[in-house]
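Inside the fold
Listed below, chain by chain, are the residues.
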Amino acid sequence: MSEKFYVTTPIYYVNDRPHIGHAYTTVLADVLARTHRSLADRTFFLTGTDEHGQKVQNAAEKRGVDPLTHCDETVVRFQELWQRLGITNDYFIRTTQESHKKIVSRIMQDLYDRDEIYKADYTGWYCVGCERFFTEKDLIDGKCPDCSRDVNAITESNYFFRMSKYQDWLIDYIQTHPEFIQPAFRANETLGFLKKPLGDLCISRPKSRLNWGIELPFDPEYVCYVWFDALINYISGVGYGSDEEKFNSWWPASCHLIGKDILTTHTVYWPTMLKAIGLPMPQTIFAHGWWLTGNSKMSKSLGNVVNPMDMIDRAGVDAFRYFLMAEMSPGNDANFSEDGFIARYNSDLANDLGNLLSRVSKLTIRATGGEIPHPGECNDDDAELAAAVNAAIGNMAASLNSYKLDQGINAAMNAVRAGNRYLEKCAPWTLAKNGDTARLHTVLHNAADALCRVAVLLTPVMPEKMAELLAVLGADRAGISGISGLKDLKSVAGFVMKETDPLFPRIVVEEDAAKTGKAPKTEKKAKAEKAPAAKEVPVNVVVTIDEFFKTKLKTAQVLTAEKVDGADKLLKLSIEVGSETRQLVAGVAQFYTPEAIVGKTIVIVANLKPAKIRGIESQGMLLAAKNGDSLKLVTIDGDMPSGIDIG
Ligand code: MSP
């Protein structure tokens, strides 16, 4: 019988630029959702953005726009990245949408009417960055315990949710439901937190201090605390209070995927809120670890934040998705390095998987012209290969339930390696030479069969590349309905195999790539891009430093990009230059898609006289390096806000 699977990601702060951490959780949720769909489970996948609160209000004020306009402009960063990454969410929720606000408001009124919410005076220490109040004993060296920034003492009247009364119930619930908080050591962390008396939760902010939020229905002087509002997305996003049938068919969620830093809000605030509302608990809250760079935390100030768009540009969407899923064991931290990325790509994808495909396709085309032959009698080698494939299928299912997807992927790659070993051992090239056609056909069939099954298994991780692979095997027309359909696939005999270019061209690290900072190339690209003839640039025009500084170069961030109708070379960009938003028309459309350019920090000539290009005003010019058929934007090495002078 098919099961139900409802998975969520955290809703991301709309202000943030999406980075590898956001991409990781969303790809993980996507792979889980795709795998469950592939197993014919009824699946719902929710993601979205968290759009209220102090940080959004501040950012909008800085830009001189109203907060909703700011959110409308920044939410596209996430939506476009998810599109690029092939994310198959069933719904994208924004906390500023009316349907969500209505439900938050209704829940607050209901809790207030039932005395779950009350008003009181409160003195606390507030961290603007984290948007959280802390008690004196929470502080570490007088600073915010989460981000170590300064905190401000604030006394005010506020509304409180009676969270404390659920403390004993929550401890008992966690202790009696081992699957509730995973991995288990995170459950212990929450239980450790619950050893101290649990206070009530301040769920309001006076409008005098913050007005960008959902107004309390029983007191218009206040707005709702951003976390109280945000957590409710998990139920409002599936119809709570608006479509009971839909809601009942999805709630309780199967899994809330979160990062380890938002454990308390999800494993203490959210369960107690649900208990007060009268709803059942989600089945699992799974906290994954952090992506680090060079074993240290990524941070804007260290300039080591990994931008997913850059990685996709370099290696393709599926290679990036594969790396994220294979490299991190959910629960633990993982380290991102370009060397690590290239090493895994070359060994797993180019060598193991890509090689197996190209060998099987070449050998079959040589032996039969392409048609996969019928197998003859099987021996121990054949049985060993089939066992590795079956182990992979079993492991994938187990890793799905434990959320340790890396283990399922590893088992699939073990089956690929078993396939390569099988070819080495059975040596179909020798069988062909010796005219042992019966055995040759068996070996070719079994290798192709193993590859086909592994490709179906890995489709949720690398949907595009595995579709290509299955097309090369001629399996695309076989109508295999996902992993659940594999048991009905009796044989791949009769499929007609096609010739193929390398599915994952090896990434060649040029010796000086590290020195020049240039992106490594795949073999395909390396061939395509011929080395340019050395060209002497005559430096016969000298400018003084004063003349040079007449040109104002500044950093700018690309907020949105779209193609210009009827002009295939032009992109119309809206860019942020400090507090200003400008429009710029650039001749880069043949080198950058709109999605690839959004989010980049570029360099512009800020004091160029505005000009009309194809009737559209361009307020400045971006800098790029052009070499024959290649064009690369001048970007900033590391993280920098927009509007910074360059010189
Ligand atoms: N808006 C809240 C979540 C509300 S959910 C009701 C929020 N947003 S966030 O954008 O700051 O963070 C979203 C997620 O990104 C968190 O799960 C966080 O753990 C994750 N990550 C942020 N940096 C990360 C890494 N370097 N590595 C992995 N994930 C990390 O918190």
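Everything numeric in this text was worked out from a predicted model, so none of it was measured. (Residues numbered from 1 in each chain as written. Predicted model: local features only at pLDDT ≥ 70, side-chain atom pairs only at ≥ 80, totals over all residues. Heavy atoms only, no water.)

Right, let's talk about the sheet that holds strand S12 (residues 219-224) for a bit. The strand order across the open sheet formed by 3 strands is S10-S12-S11, and the pairing between neighbours is antiparallel. Here the strands that pair on one side only, and so sit at the sheet edges, are strand S10 (204-206) and strand S11 (215-216). In this sheet, S12 lies alongside S11 in antiparallel orientation, the contact comprising 2 bridges. Bridge pairing in S12 places Leu216 opposite Asp219. (Pairing = 2+ DSSP bridges. Helix = DSSP H or I, 4+ residues; strand = E, 2+ residues; numbered from the N terminus.)

Turning next to the domain arrangement of the protein. Each assigned domain of the protein is listed with its residue range as follows: domain 1 (4-116 + 161-200 + 211-311), domain 2 (337-488) and domain 3 (538-646). Between the C-alpha centres of domain 2 and domain 3 there is a distance of 46 Å. (Domains from an automatic or database assignment.)

Note that Arg17 resides in the loop between strand S2 (12-13) and helix H1 (20-38). Arg17 gets classed as buried once you look at its relative accessible area, which sits at 19%. For the pair Arg17 and His52, spaced 35 residues apart in sequence, the C-alpha to C-alpha distance is 16 Å. Among residues more than four places away in sequence, those in contact with Arg17 are His22, Arg77, Gln557, Val558, Leu559 and Gly599. (Buried < 20%, exposed > 50% of the residue type's maximum accessible area, 1.4 Å probe, protein only. Contact = heavy atoms within 4.5 Å.)

Burial runs high along strand S21 (residues 567-577): 8 of the 11 residues are buried. Sheet topology places strand S20 (residues 553-564) next to S21; 7 bridges connect them, and they run antiparallel. Across the sheet, the residue bridging to Glu562 is Lys572, located in S21. With antiparallel pairing between neighbouring strands as the criterion, S20 and S21 make up a hairpin whose turn holds 2 residues, including Gly566 at a positive phi of roughly 80°.

This part covers the packing of aromatic side chains. According to the stated counting rule, one finds 27 aromatic pairs in the structure shown. By way of ring pairs, the aromatic residues Tyr6, Phe44, Tyr234, Tyr240, Phe247, Trp250, Trp251 and Trp270 are connected into one cluster. Across from the ring centre of Tyr126, 4.8 Å away, lies the NZ or CZ of Arg209, which sits over that ring. (Phe/Tyr/Trp six-rings, centres within 6.5 Å; stacked < 30°, edge-to-face > 60°. Lys NZ or Arg CZ within 6 Å of the ring centre and 35° of its normal.)

Of all residues adjacent to the ligand, which total 23 residues, the nearest are Ile11, Asp50, Gly259, Asp261 and Trp291. Take Gly259: an N or O atom from its main chain is 2.9 Å from an oxygen atom of the ligand. When the ligand sits alone it has 670 Å² of accessible area, and the protein chains cover 95% of it. Breaking the shell around the ligand down by element, the ones donating at least two residues are S2, H1, helix H7 (226-231), helix H8 (233-236) and strand S13 (255-259). The leading source of residues in the shell around the ligand is H7, at 3 residues. Grouping the amino acids of the shell around the ligand by side-chain chemistry returns 12 nonpolar, 8 polar and 3 charged. (Near = heavy atom within 4 Å. Polar contact = N/O pair within 3.5 Å; in protein donor to acceptor, adjacent residues only side chain to side chain. Areas by Shrake-Rupley, 256 points an atom, 1.4 Å probe, with all protein chains shown as cover. Nonpolar A, V, L, I, M, F, W, Y, C, P; charged D, E, K, R; others polar.)

Running from N to C, helix H15 (residues 405-426) and helix H17 (residues 437-458) cross one another at 165°; their axes reach a closest spacing of 10 Å. One element, H15, and the other, H17, form an angle in the roughly antiparallel class. Considering only the axes of H15 and H17, their crossing is left-handed. Contacts from Ile409, Ala412, Met413, Ala415, Val416, Tyr422, Leu423 and Cys426 in H15 reach Arg439, Thr442, Val443, Asn446, Ala447, Val454, Leu457 and Leu458 in H17. For the contact of H15 with H17, the class distribution of residues is 13 nonpolar, 2 polar and 1 charged. (Axes fitted to C-alpha atoms, helices over the stretch in contact; angles between N-to-C directions. Parallel < 35°, antiparallel > 145°, perpendicular 65-115°, else oblique. Left-handed = near helix turned anticlockwise from the far one by under 90°.)

All right, on to the environment of Thr49 then. Within the secondary structure, Thr49 is located in strand S3 (residues 42-50). According to the relative accessible area criterion, Thr49 is buried, its value standing at 0%. Setting aside anything within four residues of it in sequence, one finds Thr49 in contact with Ile11, Tyr12, Val14, Val75, Phe78, Phe92, Ile93, Arg94 and Thr95. A distance of 2.7 Å separates the side chain of Thr49 from the side chain of Glu51, its partner in a polar contact.

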